[in-house]
Amino acid sequence: MENKLVIIYSSVDGQTLKISKVIKDVLDNQNQPVELYSIDDFDKDLKNYDKIVIGSSIRYGLHHKKIIEFINKHQQTLEARKSIFFSVNLVARKPEKSSPTTNTYVVKFFNSISWEPTLVEVFAGKIDYKKYTFFDRKMIQLIMWMTKGPTNKDAEIEYTNWDRVKAFGQKLIDL
Ligand SMILES: Cc1cc2nc3c(=O)[nH]c(=O)nc-3n(C[C@H](O)[C@H](O)[C@H](O)COP(=O)(O)O)c2cc1C
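Residues numbered from 1 in each chain as written. Predicted model: local features only at pLDDT ≥ 70, side-chain atom pairs only at ≥ 80, totals over all residues. Heavy atoms only, no water.

*Asks:* Talk me through the pairing of strand β3 (residues 51-59); I want residue IDs and the actual numbers.
*Replies:* Of all nine residues in β3, eight are buried, a share of seventy percent or more. Looking at chain direction, strand β1 (residues 5-10) and β3 are connected through six bridges and run parallel. By the bridge assignment for β3, I8 is matched with I54. In the sheet, β3 pairs with strand β5 (residues 82-89) via seven bridges, with the strands oriented parallel. Residue pairing for β5: V53 is matched across the bridge by I84. Judged from the two bridges that link them, β3 and strand β4 (residues 62-63) form a sheet pairing that is antiparallel. In the sheet register, R59 faces β4, and the bridge partner there is L62. Between β3 and β4, which follow one another and run antiparallel, lie two residues, and Y60 among them has a positive phi close to 45°. (Buried < 20%, exposed > 50% of the residue type's maximum accessible area, 1.4 Å probe, protein only. Helix = DSSP H or I, 4+ residues; strand = E, 2+ residues; numbered from the N terminus. Pairing = 2+ DSSP bridges.)

*Asks:* Outline the packing of aromatic side chains, supporting the account with residue identities and numerical values.
*Replies:* The tally for this structure, following the rule as stated, stands at twelve aromatic pairs. Ring centres of F42 and F70 lie 5.9 Å apart, and the angle between their planes is 80°; this geometry places the pair in the edge-to-face category. With F42 in the loop between β2 (34-38) and β3 and F70 in helix α2 (residues 65-79), this residue pair connects regions lying 28 residues apart in the sequence. Here F42 and F70 have matching classes, each one buried. Centroid distance F109 to F110: 5.1 Å. Interplanar angle 65°. Geometry classified as edge-to-face. Residue F109 shares its accessibility class with F110, and that shared class is buried. In this structure an aromatic cluster arises from ring pairing among Y37, F42, Y49 and F70. For R93, the ring lying beneath its charged end belongs to Y159, and the centroid distance is 5.9 Å. (Phe/Tyr/Trp six-rings, centres within 6.5 Å; stacked < 30°, edge-to-face > 60°. Lys NZ or Arg CZ within 6 Å of the ring centre and 35° of its normal.)

*Asks:* Report on the site of the ligand, specifying residues and quantitative values.
*Replies:* Around the ligand, the surrounding shell holds 21 residues, and the nearest of these are S11, V12, T16, Y105 and K126. Contact distances for the ligand include 2.9 Å between an oxygen atom and a backbone N or O atom of G61. Within the complex, 97% of the 640 Å² of free accessible area of the ligand lies under protein. The cavity that encloses the ligand is the largest pocket. Looking at the shell around the ligand, the elements with two or more residues in it are α1 (15-29), β3, β5 and α4 (134-146). (Near = heavy atom within 4 Å. Polar contact = N/O pair within 3.5 Å; in protein donor to acceptor, adjacent residues only side chain to side chain. Areas by Shrake-Rupley, 256 points an atom, 1.4 Å probe, with all protein chains shown as cover. 1 Å grid on protein atoms, 1.4 Å probe; cavity = no way out; pocket = protein on both sides within 12 Å on 5 of 7 lines; lining within 4 Å. Sits in = over half its atoms within 2 Å of the grid points.)

Okay, structure coming up:
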């Protein structure tokens, strides 16, 4: 095997994709072979890769269904390689909920599946009310009101800590 890495992501409004691209840039800059696919387009054999990175955002408390199905289907292959997971959500904007062991979604997720990845990370996402449907906007405003976040209907705030994303990219090289 030749140290090939693949990033497979699921993203609705583009933030998980943006994070995946920044990770890819870090790897490209250090000549770590890397391929990037949306879960919807991935049709390669996972066995071609030495390191498999899976990224998903959270919607209404859950990672994307396709990602969960993919992990369950390929668990054996994932565990025979270096496998890595990262989650993107808004709760992670709070420092006390920003690590894989303190982010409720990540903790619950790994209690619900048996996959044991080599590395897990969580990143804060982005809020962009203008992109949401009426219903989604109302729901996110409610969640933000309950968690003392922004409720202004025009709010567009990127909480992602790019230094952390880049450090994660470096960790992938070092794995
Ligand atoms: C409809 C909807 C539901 C969401 N539900 C949650 C949630 O339950 N918890 C949370 O922390 N973030 C939630 N978010 C925030 C997203 O995880 C965040 O905006 C992330 O950056 C989205 O990434 P994406 O653009 O790659 O899909 C939600 C966002 C939307 C639009």
